[in-house]
Amino acid sequence: NHLIVNGQSMSVAGLTRYSVHGNSMQPFGINDGQTVFVESVEPEKLKKMDGYYPIAVFEYKTDNKNDCDIKLRKFLTFVNLAEMDLDSLFLKYGKYLSKNEFESEIQERIGELKKDNPTLDGDYILSITHRYKLSPSKYHYSIHRADKIRGVVKYIA
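A few points on the structure.

What counts, and where the lines are drawn
- Residue positions within a chain follow its written sequence, with the count starting from 1.
- Thresholds applied to this predicted model are a pLDDT of at least 70 for local features of residues and 80 or more for the giving and counting of side-chain atom pairs; totals over whole chains, interfaces and linings are not thresholded and use all residues.
- With hydrogens and water set aside, each side-chain value is computed from the structure's full complement of heavy atoms.
- Runs of E in the DSSP output that reach at least two residues are strands. Runs of H or I that reach at least four are helices, and both are numbered from the N terminus.
- Radius of gyration: over C-alpha atoms. The globule rule applied is 2.2 Å multiplied by the number of residues raised to the 0.38 power.
- When accessible area is computed with a 1.4 Å probe and restricted to protein chains, residues below 20% of their type maximum are described as buried, those above 50% as exposed, and intermediate ones as partly exposed.
- Any pair of residues with heavy atoms lying within 4.5 Å of one another is described as a contacting pair.
- The definitions used throughout rest on a 1 Å grid laid over the protein atoms alone, on which a cavity is an enclosed set of points accommodating a 1.4 Å probe that cannot get out and a pocket is an open set flanked by protein within 12 Å on both sides along at least five of seven lines; lining residues are those having an atom within 4 Å of a point.
- Grid points are joined across faces, edges and corners, and a volume is the space filled by probe spheres set on the points.
- Side-chain classes follow a simple rule in which Ala, Val, Leu, Ile, Met, Phe, Trp, Tyr, Cys and Pro form the nonpolar group, Asp, Glu, Lys and Arg form the charged group, and the remainder, Gly included, forms the polar group.
- We call two strands paired when DSSP finds no fewer than two bridges between them.
- Only the stretch in contact is used when a helix axis is fitted, and all axes are lines through C-alpha atoms; the angle between N-to-C directions ranges over 0 to 180 degrees.

What follows concerns the overall build of the protein. A count of helices and strands for the protein gives three helices and nine strands. Reading the protein from its N terminus to its C terminus gives the helix and strand order β-β-β-β-α-β-β-α-α-β-β-β. The C-alpha radius of gyration of the protein comes to 16 Å, within 12% of the 15 Å expected for a compact globule of 157 residues. The principal-axis extents of the C-alpha atoms in the protein amount to approximately 45 × 35 × 35 Å. Here the protein holds 157 residues, and the buried ones make up 40% of them. Contacts spanning at least 24 positions in sequence make up 56% of the contacts within the protein whose residues lie at least 6 apart.

As structure tokens, then:
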């Protein structure tokens, strides 16, 4: 129930443990085979942590037996899709892709989100992951409904 973090014993009681499969978070310090300890968090609490960019845990239902329903993603920011300024988002967060690639990924994801919520109301989160299986590997941006967030990574072992 404890981890040693920077020489101090830290309680992990109440945190959810997940084994990491894959290296999509490797550029952000989480590797295949590690264990992450996740603190549950509500989107409203995350909004108050201005400037805090955690590794977020999202949960999605999947029918594909080879796909996990828990996803680790690098949290970037909350976005209001009705008032989103793609140019500003690209300038602040889009450093890993060309402007056209960034806009294409965001527009594609918005199209998918409209299937479930045509008005795109509510809170959304912009995230990034690393697609290490592609050759060459590349970063991938996505947008998630805020209610899909389950927590943030507090410790990595």
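So that's the structure; there's more coming.
Okay, unusual backbone geometry next. Of note in the backbone geometry, Asn6 takes a positive phi value of approximately 50° without being a glycine. Its relative accessible area of 79% is what places Asn6 among the exposed residues. A positive phi angle is found at Leu120, which is not glycine, with a value near 55°. Tracing the backbone shows Leu120 in the loop between helix H3 (99–116) and strand E7 (124–131).

With that settled, consider the layout of surface pockets. By volume, the largest pocket amounts to about 1200 Å³. In terms of lining, the largest pocket is formed by 37 residues, of which the most central are Asp67, Cys68, Ile70, Lys71 and Arg73. Mapped by element, the contributors of at least two residues to the lining of the largest pocket are strand E3 (16–19), strand E6 (70–79), H3, E7 and strand E8 (138–145). Residues that form the lining of the largest pocket fall into these classes: 14 nonpolar, eleven polar and twelve charged.

Its location among the elements puts Val20 in the loop between E3 and strand E4 (35–40). Among the residues examined, Val20 registers a relative accessible area of 11% and is labelled buried. Distance in space between the C-alpha atoms of Val20 and Asp147 is 22 Å, their sequence separation being 127 residues. For Val20, the residues in contact, after removing those within four places along its chain, are Ile30, Asn31, Asp32, Gly33, Gln34, Val36 and Leu72.

Quick look at the sheet that holds E8 now. Sheet architecture is open: seven strands sit in the order E3-E4-E9-E5-E6-E7-E8, paired in antiparallel fashion. Looking along the sheet, the strands with just one partner apiece sit at the ends: E3 and E8. Between one strand and the next, the sheet's axes are offset by a mean angle of 45°, whatever the strand orientation. In terms of strand pairing, E3 meets E4 through four bridges, oriented antiparallel. Note on E4: the bridge partner recorded for Ser19 is Thr35.

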